[in-house]
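Observations on chain architecture
Each chain is listed here by its residues.
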Amino acid sequence: MIRLKITGMTCHHCALTVKKALESVEGVKRAEVYFPQGYAEVEGEADVKKLIEAVEKAGYGAEEITSPEAFIPSKNSYDLLIIGGGSAGFAAAIRAIDLGAEKVLIAEDNIIGGTCLNRGCIPSKYFIDVANLFYRAKNPEMPGVKIKGAEINLEEVVSAKDKLLEELRMEKYWNVLEAYPQIEYIQGSASFAAEDRAYVGSREVSFYRAVIAAGSRPFIPPVRGIEETDYFTSDDIFDIKELPERLIILGGGAVGLELGQAFLRMGSEVVIVEAREDILLNAEPELRNYLKEYLLKEGIELLTGTKAVSVKRKANRIKLVVKKEGKELELEGTHLLVATGRVPNTDKIKAEKADVELDEKGFVKVNEYLQTSNERVYAAGDCVDTPFLVTVAALEGSVAAENALKGNNLKIDYNSIPRAIFTDPELASVGLTEGEAKKEGFEVDVRVLELSKVPRAKISFRTNGAVKMVVEKGSGRVLGVHVLAPHGAEIIHRAVPVVKYGLTINDVINMVDVYPTLSECIKLCAQSFKKDISKLSCCAQ
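Turning next to unusual backbone geometry. The step from Asp424 to Pro425 runs through a cis peptide bond, and the omega angle for that step is 5°. By the secondary structure assignment, Pro425 is in the loop between strand 21 (419-421) and strand 22 (426-431). The omega torsion across Tyr515 and Pro516 is -5°, close enough to zero to call that bond cis. Position of Pro516 among the secondary structure elements: in the loop between helix 14 (505-509) and helix 15 (520-527). Unusually for a residue other than glycine, Lys350 sits at a positive phi of about 55°. Mapped onto the elements of the fold, Lys350 is located in the loop between strand 19 (342-344) and strand 20 (377-379). With a phi close to 60°, His487 is a non-glycine residue in the positive phi region. As for its placement among the helices and strands, His487 is situated in the loop between strand 25 (478-485) and helix 12 (488-491).

Here is the structure:
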């Protein structure tokens, strides 16, 4: 089989012209030309040079493909089966079409758009923005500013959220399907039948390659009585009908902290129960402690090192029994939110039928190319034990599709992917923490710059926060940047290329920032390795 890359084709008529030119060469048994992919496939004993000459004589360019650069679709099965219609699944489908796939099938047993759009990033950040706007109207930080009459109507908030999600589903998913007729979308469950076959609803389909992008769902801890007690998770809290008088939250991770602060700012009393000894143990301790201090000062009740034992509803009250330092306590509230992490949706896909291995937690086992134990099947997104971020899911979906169709060439640099928790202030990071860097064998130097040293923060009277920079000793290479600040999730992008491309503190210092901005905190923190920031004038180098 000879494969050629064809250039200059602009339509299917061009492909027919090239096909005729190839078939005119002695030794050619069959020739197929694929437009718009730009490839040709030739069977027979023809001389490659003569094939190229024939194409050039027809007015086009040609060169032999010796690496797995092209994907040639099959006519007898789906080029790519995708289990899951969220960000990972759609990213995989779009990339497959870009590579020349002609038949892609997405199966989604829940609402189109996945967790981020329907139950995660979008509705949660909308609620957070509403809560912060309401809170600042009642508690303006600027001297001399007073705002009276601030009110919040939760019914209208939820209604506007529903409208927003409906618009985004149409714009980001349904319209995408309209733009890619090669993608078939089925609302229904999918499970494997064999290494190269699957059931989609009641249909049995064959596939050349598959991507598992089944996502995840909230984990419900084994607390006695929880199944008989009505509770919320991040799947349904955004449809709540009334503002909780007192909200008990199980879990002090990102979801628990974000929504805990949001409901507190909308007017609820909030108590957060965290089983581990502290919140956000993967975050830098200095920033974690600052954030905890701010949340406590704002009014959140935080119980760490506290395990939920049992729960029940009595009349209109939630009764939660917890154990802290060997003693049992009873907490009372009106509503319960379970935010204790997520588990992968792999229990119904019958992975064993396709010889796809799962780990003890149910995550799909993959190699560095996102390939499973079945070489035909890849996996991406929350069903893989990688960071639970929509950006990661979309990137993995695209990479998985490309590796599936073109061979294992692409790997993902997870270290330079930024992450954020949308509390106020926001906690954002990229790269290694101090502890992680030391575990990897680096000798490090660190600096922590309080936000009160940043002019823009002082102007806005919003100085809660700090920046921590982790640097390799000797080289000055920046290994990690961690920001606790208003708009920290925006600021961290200033540090992403610094970490990704191995820049040094001198490189950061020599960059010029707009003044005054909060993002200047990255440069100021870099300068603090060499100078006393308190003795610098404005914009000083």
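Right, picking up where we left off after that structure.
This model, assessed by the stated rule, comprises nine aromatic pairs. On the numbers, 6.1 Å between centres and 65° between planes, the contact of Phe192 with Phe207 is edge-to-face. Within this pair, whereas Phe192 is found in strand 8 (residues 190-194), its partner Phe207 is found in strand 10 (residues 203-212), the two being separated by 15 residues in sequence. Judged on exposure class, the residue Phe192 and its partner Phe207 are both buried. Consider the rings of Tyr290 and Tyr294, whose centres lie 6.2 Å apart with planes at 15°: the pair is stacked. Of this pair, Tyr290 and Tyr294 both sit in helix 8 (residues 285-298), four residues apart, roughly one helical turn. Among the aromatic residues, those joined into a cluster by ring pairs are Phe90, Tyr173, Trp174 and Tyr185. The ring centre of Tyr208 lies 4.2 Å from the NZ or CZ of Arg209, which sits over that ring. Here the basic side chain of Lys500 rests over the ring of Tyr501, its NZ or CZ set 5.9 Å away from the ring centre.

This brings us to the pattern of salt bridges. Enumeration over the complete set of coordinates arrives at 40 salt bridges. Across the pair Glu402 and Arg95 runs a salt bridge, and its minimum N-O distance is 2.8 Å. Of this pair, Glu402 sits in helix 9 (residues 390-406) while Arg95 sits in helix 3 (residues 87-98); the two residues are 307 residues apart in sequence, bridging distant segments of the chain. Its salt-bridge partner being Arg265, residue Asp424 comes within 2.8 Å of it at the nearest N-O pair. Here Asp424, found in the loop between strand 21 and strand 22, pairs with Arg265, found in helix 7 (residues 254-266); they are 159 residues apart in sequence, far enough to count as distant. As far as burial versus exposure is concerned, Asp424 and Arg265 are alike and both buried. Residues joined in a network through salt bridges with shared partners are Arg3, Lys19, Glu23, Arg30, Glu32, Glu41 and Glu43.

Calculation rules
- Residues numbered from 1 in each chain as written.
- Predicted model: local features only at pLDDT ≥ 70, side-chain atom pairs only at ≥ 80, totals over all residues.
- Heavy atoms only, no water.
- Helix = DSSP H or I, 4+ residues; strand = E, 2+ residues; numbered from the N terminus.
- Phe/Tyr/Trp six-rings, centres within 6.5 Å; stacked < 30°, edge-to-face > 60°.
- Buried < 20%, exposed > 50% of the residue type's maximum accessible area, 1.4 Å probe, protein only.
- Lys NZ or Arg CZ within 6 Å of the ring centre and 35° of its normal.
- Salt bridge = Lys/Arg side-chain N within 4 Å of Asp/Glu carboxyl O.

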